[in-house]
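Structure at a glance
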Amino acid sequence: MLSSNARTRQLNGTCASSVDMELFLHYSLIPSLFIILVLSLLQRREHHRQRDDASYLLGNRFRMIIPLDFVGTFRNRWSYGVAFGATANKVMFLFSEGYQPLQVPQWAQAFVLLIGGIEVGLSHFPFFACLSSEFRLVSSILGFSYSLIWFAVTILHITQCPHGQFVGKYETVMFYWPSLLCLAFLLGRFLYMFVKSLRVHLGWELQMEEKPFLEVHQAEHVKQLLRKCPLQEREKSWFQNRIYEWDPYFQFPSRMIGTTVLAFICLYLFIVIEFCMFVYVRDELDVFEGELENYVASMNQTGTLTPVLLKVKELINVTKGVWVVTILPASLTCVSYLFHILACYRKQMKRLWAGDKHFLPLKFHNPSSSESVVAIARYSGWQIAYILWGYLIIHVMQSLCGLVIMYSLVLPVIHSQALEMLRGLGIGILTISIVLGLMVLQVWIAASFFLQPKMGTADKQKPLALNNRRAFHNFNYFLFFYNVLLGLGACLSRLLISCILGTWLIARIDRTILQSGCERADMGFSAWIGMLYVDHYHTNPVLVSFCHILITGHRERRLQQAIKYWYLNQSAGPRTSVRSRTRWLLLQTLINNPGLVTLRKSRPGHGSQDFTQILLTCSES
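Only a predicted model underlies this, so the values are computations on that prediction, with no experimental measurement involved. (Residues numbered from 1 in each chain as written. Predicted model: local features only at pLDDT ≥ 70, side-chain atom pairs only at ≥ 80, totals over all residues. Heavy atoms only, no water.)

Scanning the protein for helices and strands turns up 20 helices and 0 strands. The burial tally for the protein puts 34% of its 621 residues in the buried class. The long-range fraction of contacts in the protein, counting pairs at least 24 apart against all pairs at least 6 apart in sequence, stands at 73%. Total accessible area computed for the protein in this model is approximately 40,200 Å², and 65% of it derives from carbon and sulfur atoms. (Helix = DSSP H or I, 4+ residues; strand = E, 2+ residues; numbered from the N terminus. Buried < 20%, exposed > 50% of the residue type's maximum accessible area, 1.4 Å probe, protein only. Contact = heavy atoms within 4.5 Å. Areas by Shrake-Rupley, 256 points an atom, 1.4 Å probe, with all protein chains shown as cover.)

All right, on to the packing of helix 13 (residues 327-353) against helix 14 (residues 369-414) then. For the pair helix 13 and helix 14, interaxial distance at closest approach is 9 Å and the crossing angle is 150°. One element, helix 13, and the other, helix 14, form an angle in the roughly antiparallel class. Crossing hand, helix 13 versus helix 14: right-handed. Seen from helix 13, the contacting residues are I327, P329, A330, S331, T333, C334, Y337, L338 and I341; seen from helix 14, they are Y379, Q383, I387, G390, Y391, I394, H395 and Q398. (Axes fitted to C-alpha atoms, helices over the stretch in contact; angles between N-to-C directions. Parallel < 35°, antiparallel > 145°, perpendicular 65-115°, else oblique. Left-handed = near helix turned anticlockwise from the far one by under 90°.)

All right, on to the pattern of salt bridges then. For the structure on display, the rule yields 7 salt bridges. Across the salt bridge formed by K223 and E220, the nearest N and O atoms sit 3.8 Å from each other. Of this pair, K223 and E220 are both found in helix 9 (residues 216-226), 3 residues apart, which corresponds to roughly one turn of the helix. Using a relative accessible area of 48% as the deciding quantity, one classes K223 as partly exposed. Its salt-bridge partner being K320, residue D286 comes within 2.9 Å of it at the nearest N-O pair. With a gap of 34 residues between them, D286 in helix 11 (residues 254-298) and K320 in helix 12 (residues 306-325) connect regions that are remote in the sequence. Take D286: its relative accessible area is 36%, and that puts it in the partly exposed class. On the accessibility criterion, K320 (14% relative accessible area) is buried. Each member of the salt-bridge network shares a partner with another, and the members are D286, E289 and K320. (Salt bridge = Lys/Arg side-chain N within 4 Å of Asp/Glu carboxyl O.)

On to unusual backbone geometry, then. A positive phi angle, near 60°, is found at S416, a position not held by glycine. Summarising the element assignment, S416 is placed in the loop between helix 14 and helix 15 (418-449). Backbone geometry at N468 places phi at a positive 55°, although glycine is not the residue there. Summarising the element assignment, N468 is placed in the loop between helix 15 and helix 16 (469-504). Under the relative-accessibility criterion, N468 is labelled partly exposed at 42%.

Taken together, the side chains of I405, L409, V410, I414, L419, L422, L425 and I429 present a nonpolar region at the surface, about 730 Å² in accessible area. Mapped by element, the contributors of at least two residues to the nonpolar patch are helix 14 and helix 15. (Patch = residues over 30% accessible without salt bridge, like charges linked within 9 Å, V, L, I, M, F, W, Y side chains within 5 Å.)

Now for the packing of aromatic side chains. Aromatic ring pairs are defined here through the distance separating the ring centres and the angle between the ring planes. Using the criterion set out here, one finds 21 aromatic pairs in the structure. Relative to Y268, the ring of W177 lies with its centre 5.6 Å away and its plane at 70°, an arrangement referred to as edge-to-face. With W177 in helix 8 (residues 171-201) and Y268 in helix 11, this residue pair connects regions lying 91 residues apart in the sequence. Taking relative accessible area as the criterion, W177 reaches 41% and is therefore assigned partly exposed. Judged by relative accessible area, Y268 falls into the partly exposed class, the value being 26%. Residues F450 and F472 carry aromatic rings whose centres are separated by 5.6 Å and whose planes lie at 70° to one another, so their mutual orientation is edge-to-face. Highlighted residues: F450 in the loop between helix 15 and helix 16 and F472 in helix 16, separated in sequence by 22 residues. (Phe/Tyr/Trp six-rings, centres within 6.5 Å; stacked < 30°, edge-to-face > 60°.)

Before going further, it helps to spend a moment on the confidence of the model for the protein. Taken residue by residue, the protein gives an average pLDDT of 81. The fraction at 70 or more is 82%. This model gives residues 1-5 a pLDDT under 50, and the stretch forms 5 contacts once residues within four places in sequence are excluded. (pLDDT = per-residue confidence, 0-100.)

Time to look at the packing of helix 6 (residues 109-132) against helix 7 (residues 136-160). The interhelical angle for the contact between helix 6 and helix 7, taken along N-to-C directions, is 145°, at an axis separation of 9 Å. Pair helix 6 / helix 7 crosses with left-handed handedness. Of the residues in helix 7, those in contact with S123, H124, P126, F127, C130 and L131 of helix 6 are R136, S139, L142, G143, Y146, S147 and W150. Of the residues contributing to the contact of helix 6 with helix 7, the split by class is 7 nonpolar, 5 polar and 1 charged. (Nonpolar A, V, L, I, M, F, W, Y, C, P; charged D, E, K, R; others polar.)

Examined against the element boundaries, W323 turns out to sit in helix 12. As a C-alpha pair, W323 and L400 span 77 residues in sequence and 9.0 Å in three-dimensional space. The residues contacting W323, other than those within four sequence positions of it, are E274, F278, H395, V396 and S399.

Of all hydrophobic cores here, the largest spans 82 residues; its most connected members are F127, W150, L186, Y345, Y391, W528 and I529. The leading source of residues in this core is helix 11, at 13 residues. Dropping the residues within four chain positions of it, Y345 is found in contact with F250, F252, P253, R255, M256, W528, M531, L532 and D535. (Core = buried A, V, L, I, M, F, W, Y, C linked by side-chain atoms within 4.5 Å.)

Further remarks concern helix 3 (residues 29-42). Between its first and last C-alpha, helix 3 extends 20 Å over 14 residues, near the 20 Å set by a 1.5 Å rise per residue. Taken as a whole, helix 3 has its buried residues at L29, S32, I35, I36, L39 and S40. Buried residues of helix 3 fall within an arc of 130° about the axis and therefore sit on the same side. Looking at the packing, one finds that the buried side of helix 3 touches helix 2 (21-27), helix 6 and helix 7. (Expected span 1.5 Å × (residues − 1). Arc of directions from axis to C-beta.)

Here it is as structure tokens:
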């Protein structure tokens, strides 16, 4: 009798869905290009020139649209992050190199993957374009319609074949529920945008201001720097002291939020795919174990290969158990890396804003501008790939450590060999302790007999000046031969520690695992540094505030000149001086805002005191 899970796999093996998601991806380019064309026609070019080609017929219409600003976008960050999350299934399809729309030779696979990436980007371009478009009413309708199409097709695909051949029940749901959740969020977001823009269009609400050049948190950061007396800090909680402290004057850009959200979903999908592969391999190993048991039973456990076969069977069972147990710590390690990378981004950006580059290698103090620009395009994709591959490598390393623990500590106890295990463990610990003790003894002898006394009572250590030179040279001579053997163990320990740290930190793109002087060979770390420099040069609050002051002053001067020349160019009617108009506007402002009257600065000899008193009397009456 087959189990219910096995029957589900057999039934779903013959399940044929009427929706081919790969084919739908191709056809989704049609509405995607239509939405891109509509939004592009709504855009107006700032500098329109008369041209002789056909583009002159469009007037100042048709302007290139952008999905989102990868450098300076701080609004709708989570909406963009969820839009990135909706692409997770297709990103994982590209990551597995399973998407090959063209049959080409092996050497041209890179071009096929590039074409596949462009197609996936085009199919999901309307999500981002509709979120960032200035024409809220039209973009909300288009975005809602396009999201609804993707949501309906995904639901149809899941309902027709909800189960799978590896996990069994609800395998398809396990793969697609993150994308469904993201699409449902986008539907709600576009619906909210439609209601909001419709109320503005009908005049029930005021039009929201356009994206400001200077964000609020950037202005608050500059204000904090200019304060003579910093604000008194509140008492920090345990979470703020030990884990993370929230900074109200810092915000992560949309690129970092989107990368983190997509990395979380891709990591989940990668774990699910890995578990499916584990189930498949486990079933094959179960068949192999059955054959081993049949062979051992046929030989009545007297064959020469019986002990070896039993050892192999035990190794298979231990490996399966260790692999399942280490899924959780490996996944938690990568999840903690994602949060830690965000914390490192904030800390390093603040240090760059303060002009501190000491945490960077010397070769990265003046990076190439072109490489830094390319790093912005590389970082997000490479961060996700590093997390996925890092999870797999960390999982393998932790499984090997688990096998070592099982064979050195657990299995000897199970096989009633605890005393032998404890004896071997004690001998090993004693050997290592003696070696380390001799190393510490050398340091103590050097500090006690071969260094001159401290020059002052406040010195923390003795000066680097030799004492008892004859004894020192004899000490070096006799320890020379011993240190040759000790160096072999030190070399092996260096190799072991490098392997452990290298595999443990392979997912950390913000930290290089190469030695000093070889950091440029780490392409992921180079992309991280280049991305930091681009954000530093384009989102530095002090620089942005300075540019904001210049732009605001320039606009005010142009407005004053425009008002001045407009009055000079009037051909008929009475002329009004600029000073009289300014005084009239001042009177209007003070009448509409009586609270400002008491705050006016009075100047003797200009009648401002009488004018203020009159306004106060009028306001009281």
